[in-house]
Amino acid sequence: MEHVAVNPWAALAYLVAGVCFILALRGLSSPATSQRGNRYGMIGMTIAVVTTLLTHVPILLDETNVTSGVGATTFFPGSLDPITAIEILAAIGIGAIIGIVTARRIAMTDMPQLVAAFHSLVGMAAVLVAAAAFLNPAAFGIVDDLGNILTVSRIEMGLGIAIGAITFSGSVIAFLKLNGNMGGKPIMLPGRHVINLAVLAGIVGLVGYFTQDQSAWVFWTITALSFAIGFLLIIPIGGADMPVVVSMLNSYSGWAAAAMGFTLHNSAMIITGALVGSSGAILSYIMCKAMNRSFISVIAGGFGAEASASGGEAKEQRPWKRGSAEDAAFLLQQAEQVIIVPGYGMAVAQAQHALREMGDKLKAHGVRVKYAIHPVAGRMPGHMNVLLAEANVPYDDVFELEDINGEFAQTDVAFVIGANDVTNPAAKTDKTSPIYGMPVLDVEKAKTVLFIKRSMGGVGYAGVDNDVFYMDNTMMLLADAKKMVDDIVKNLD
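Residues numbered from 1 in each chain as written. Predicted model: local features only at pLDDT ≥ 70, side-chain atom pairs only at ≥ 80, totals over all residues. Heavy atoms only, no water.

K.L.:
Sorry if this is basic, but what is going on with the overall build of the protein chain here?
P.N.:
Check the secondary structure of the protein chain and you find 19 helices and 6 strands. Across the 493 residues in the protein chain, those meeting the buried criterion constitute 47%. Summed over its atoms, the accessible surface of the protein chain is roughly 22,800 Å², and 64% of this surface lies on carbon and sulfur atoms. (Helix = DSSP H or I, 4+ residues; strand = E, 2+ residues; numbered from the N terminus. Buried < 20%, exposed > 50% of the residue type's maximum accessible area, 1.4 Å probe, protein only. Areas by Shrake-Rupley, 256 points an atom, 1.4 Å probe, with all protein chains shown as cover.)

Pasting the structure below:
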């Protein structure tokens, strides 16, 4: 059976898949077009997967077809035996079942953890592909006439396994932090900067040495050090920076996939990995800028972050005012403009639908209702946008921080629902605070602040108390967010 080095039909199919992925990213840049973007992504991935299968899974051709030059032999090179093909299809089926069940059962509040878990799987996949290529390079066509692994392939392998291992272990730590198995407060290891730099330098040096010596100890040492540095990089990063970490790990997973694409000679993986890697890096940079954080400091794993005495526990007891659903309903109805600030507390309580109903009732009373979204509200980029879109909140009512922050001074009521860190004025005044320098929503400038919180005892994910709780113009609404909003809706005339 004839093998063709370059399959023009496969190349064309991968090109179409790449265009679909670009359109998917463009669609996902806005809540209004996100569904269309998801569809493009699914179409592109379907084309890529089917093309890969068709160009590797053999079909049984009779002798007549083979000798007569039927084009099937060009598209189906037959590099896999039927048993291997069945194993691949079975693995795809199992993965599809797991994906469908997970997508149907996962709660929106657990979406950040799910994203972190998926990133870890991508990283581990890159590690396994690199390991398979190292153990059986001939099967991947990456050996020279003497049986040695090609130098360029060693570079690809070294980078792929390093980035993949870092992505895996880093994503596992991110998952544990997001899932509450580890605290949100930074864990500052003694001498962490020296250790991190030494390990990273060791990885880079070994990858370079791997191009000269393909001994097994070099390959597996790179693997072990990469798993270790992923752990060391994410451990010191605190809860306030976790949305950036999720985006950053997304970028890492893309570069790992791109590196393995070269090893597998798969242009679709190279294109997809490059798109994911670059878009994740750009998003991480944008979020760091929005938080007044250094992109390099986040990548370095909390480089420059210092443990704060104020972090991890609430401040001393201070006077505050408590309100009821009836009080809140009265103030909201009398307002001319209300700005709603959603946060992770809304996600936990699944209060977005009740919040939209409250907004609709206020609009019926002639109140202007707007939603203010902080770039890092929640646990992942766009978390609040997704929840509000799920509740069918009009896109025109949703504003980003830089577009709405100047309106709080002219707003009658700022309605904060579980958004602690992103409304904390300590970010502007307290240099000892772990969130110092992060731009926040100026809710305290509104005439009245209604702040929904479960209790006064807890602190935000960054581990700091919020001065807004104790201001004269603030009324605390202590209850489950959904129950409180439902009660407010009932009291709106």
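K.L.:
Is there a simple way to think about the packing of aromatic side chains in this case?
P.N.:
To describe a pair of aromatic rings, one takes the distance between the centres and the angle between the planes. Taken as a whole and judged by the stated rule, the model has 9 aromatic pairs. Centroid distance Phe-134 to Phe-210: 6.0 Å. Interplanar angle 45°. Geometry classified as tilted. Highlighted residues: Phe-134 in helix α6 (residues 111-135) and Phe-210 in helix α8 (residues 192-210), separated in sequence by 76 residues. Taken as a pair, Phe-134 and Phe-210 share a single burial class, namely buried. Both rings, one in Phe-210 and one in Phe-219, keep their centres 6.0 Å apart while their planes meet at 45°; by these two values the pair is tilted. We note Lys-370 situated over the ring of Phe-399; from NZ or CZ to the ring centre the distance is 5.2 Å. (Phe/Tyr/Trp six-rings, centres within 6.5 Å; stacked < 30°, edge-to-face > 60°. Lys NZ or Arg CZ within 6 Å of the ring centre and 35° of its normal.)

K.L.:
What is the right way to read the pairing of strand β6 (residues 474-478) from this model?
P.N.:
In the case of a regular strand, side chains alternate between the two sheet surfaces. Counting buried positions along β6 yields 5 of 5 residues, so the element is predominantly enclosed. Across the two faces of β6 the burial is the same, with Thr-474, Met-476 and Leu-478 and Met-475 and Leu-477 all buried. As judged from the 5 bridges shared by strand β5 (residues 448-453) and β6, these two strands associate in the parallel manner. Residue Phe-451 lies in a different strand from β6, and its bridge partner there is Met-476. (Pairing = 2+ DSSP bridges.)

K.L.:
Which parts of the structure should I look at to understand the sheet that holds strand β1 (residues 337-342)?
P.N.:
Within a sheet, neighbouring strands are paired by backbone hydrogen bonds and run either parallel or antiparallel to one another. Taken together, the 6 strands give an open sheet; going across it, the order is β3-β2-β1-β4-β5-β6, and neighbouring strands pair in parallel fashion. Of all the strands in the sheet, just β3 (398-400) and β6 have a single pairing partner and so form its edges. Adjacent strand axes in the sheet meet at a mean angle of 25°, parallel and antiparallel pairs treated alike. As paired elements, β1 and strand β2 (residues 368-373) share 4 bridges and run parallel to each other. Paired with Ile-339 across the bridge in β2 is Lys-370. Of the strands in this sheet, β1, β4 (413-417), β5 and β6 are in contact with helix α13 (residues 325-334), which crosses β5 at around 140°. Strand contacts of helix α16 (residues 383-390): β1, β2 and β3, with the helix running at about 145° to β2, the strand carrying the most contacts. (Axes fitted to C-alpha atoms, helices over the stretch in contact; angles between N-to-C directions. Contact = heavy atoms within 4.5 Å.)

K.L.:
Could you clarify how one ought to interpret the nonpolar core in this entry?
P.N.:
A general trend in soluble globular proteins is that nonpolar side chains are found buried together. Of all hydrophobic cores here, the largest spans 43 residues; its most connected members are Met-157, Phe-219, Ile-222 and Val-245. Counting residues per element, the ones that place at least two in this core are α6, α7 (151-178), α8, α9 (216-234) and α10 (242-264). Sequence-distant contacts of Val-245, defined by excluding residues within four places in its chain, comprise Ala-174, Ile-234 and Ile-237. Ala-328, Ala-347, Leu-388 and Val-413 belong to the second largest nonpolar core, which has 41 residues in total. (Core = buried A, V, L, I, M, F, W, Y, C linked by side-chain atoms within 4.5 Å.)

K.L.:
Mind showing me how you'd approach α13 here?
P.N.:
Side chains that are three or four residues apart share a direction in an α-helix, a result of its 3.6 residues per turn. Turning to α13, its buried residues are Ala-325, Ala-328, Ala-329, Leu-332 and Gln-333. Around the axis of α13, the buried residues are gathered within 125° of arc, so they sit on the same side. Packing partners of the buried residues in α13 comprise β1, α15 (352-364), β4, β5, β6 and α19 (481-491). (Arc of directions from axis to C-beta.)

K.L.:
How do you make sense of the confidence of the model for the protein chain when you look at a structure like this?
P.N.:
Confidence in the prediction for the protein chain averages 81 pLDDT; 85% of positions are at 70 or higher. For residues 59-78, every residue scores under 50 in pLDDT, and the model assigns this stretch 27 contacts once sequence neighbours within four places are set aside. Here residues 303-314 is modelled with pLDDT under 50, and outside its nearest four sequence neighbours on either side it reaches 25 contacts, counting other chains as well. (pLDDT = per-residue confidence, 0-100.)

K.L.:
Can you walk me through the pattern of salt bridges in this structure?
P.N.:
Close approach of charged atoms lets side chains of opposite charge pair. Within this structure, the stated rule accounts for 10 salt bridges. Between Asp-442 and Lys-428 there is a salt bridge, with its nearest N and O atoms 2.9 Å apart. With Asp-442 in the loop between α18 (426-429) and β5 and Lys-428 in helix α18, this pair connects stretches of sequence that are 14 residues apart. Salt bridges sharing common partners tie together Lys-428, Asp-442, Glu-444 and Lys-445. (Salt bridge = Lys/Arg side-chain N within 4 Å of Asp/Glu carboxyl O.)

K.L.:
Honestly, the side chain of Ser-226 in this entry has me stumped. Any pointers?
P.N.:
Residue position: Ser-226 is located in helix α9. The class of Ser-226 is buried, set by a relative accessible area of 0%. Sequence-distant contacts of Ser-226, that is, excluding residues within four places in its chain, are made with Ile-161, Ala-162, Ala-165, Ile-166, Ser-169 and Ile-203.

K.L.:
What exactly am I supposed to notice about the packing of helix α1 (residues 8-27) against helix α2 (residues 34-54) here?
P.N.:
Geometrically, a packed helix pair is captured by the angle between its two axes and the distance between the axes. Remark: α1 packs on α2, axes separated minimally by 7 Å, with the N-to-C direction vectors making an angle of 160°. Between α1 and α2, the crossing angle belongs to the class labelled roughly antiparallel. The two elements α1 and α2 meet at a crossing, and its hand is left-handed. The segment α1 lies against α2, with Ala-10, Ala-13, Tyr-14, Val-16, Ala-17, Cys-20, Phe-21, Leu-23, Ala-24 and Gly-27 engaging Ser-34, Gly-37, Tyr-40, Gly-41, Ile-43, Gly-44, Met-45, Ile-47, Ala-48, Thr-51 and Thr-52. (Parallel < 35°, antiparallel > 145°, perpendicular 65-115°, else oblique. Left-handed = near helix turned anticlockwise from the far one by under 90°.)

K.L.:
What's the story with unusual backbone geometry in this structure? I'm lost.
P.N.:
Both trends apply: most residues other than glycine have a negative phi, and most peptide bonds are in trans. Phi is positive for Gln-350, which is not a glycine, with a value near 55°. Here Gln-350 is to be found in the loop between α14 (344-349) and α15. Although it is not a glycine, Asn-392 sits at a positive phi angle of roughly 65°. Its location among the elements puts Asn-392 in the loop between α16 and β3.

K.L.:
Honestly, the side chain of Asn-405 in this entry has me stumped. Any pointers?
P.N.:
In this fold, Asn-405 is placed in the loop between α17 (401-404) and β4. By relative accessible area, which is 15% here, Asn-405 ends up buried. Polar side-chain contacts of Asn-405 include one of 2.9 Å to the backbone nitrogen of Asp-442. Dropping the residues within four chain positions of it, Asn-405 is found in contact with Val-440, Leu-441 and Asp-442. (Polar contact = N/O pair within 3.5 Å; in protein donor to acceptor, adjacent residues only side chain to side chain.)

K.L.:
So what exactly am I meant to see when it comes to the packing of α6 against α7 here?
P.N.:
It is the contact of α6 with α7, at a shortest axis distance of 7 Å, that shows an interaxial angle of 155°. Relative to α7, the element α6 is oriented roughly antiparallel. For the crossing formed where α6 meets α7, the hand is left-handed. Looking at the contact of α6 with α7, its residues break down into 17 nonpolar, 8 polar and no charged. (Nonpolar A, V, L, I, M, F, W, Y, C, P; charged D, E, K, R; others polar.)

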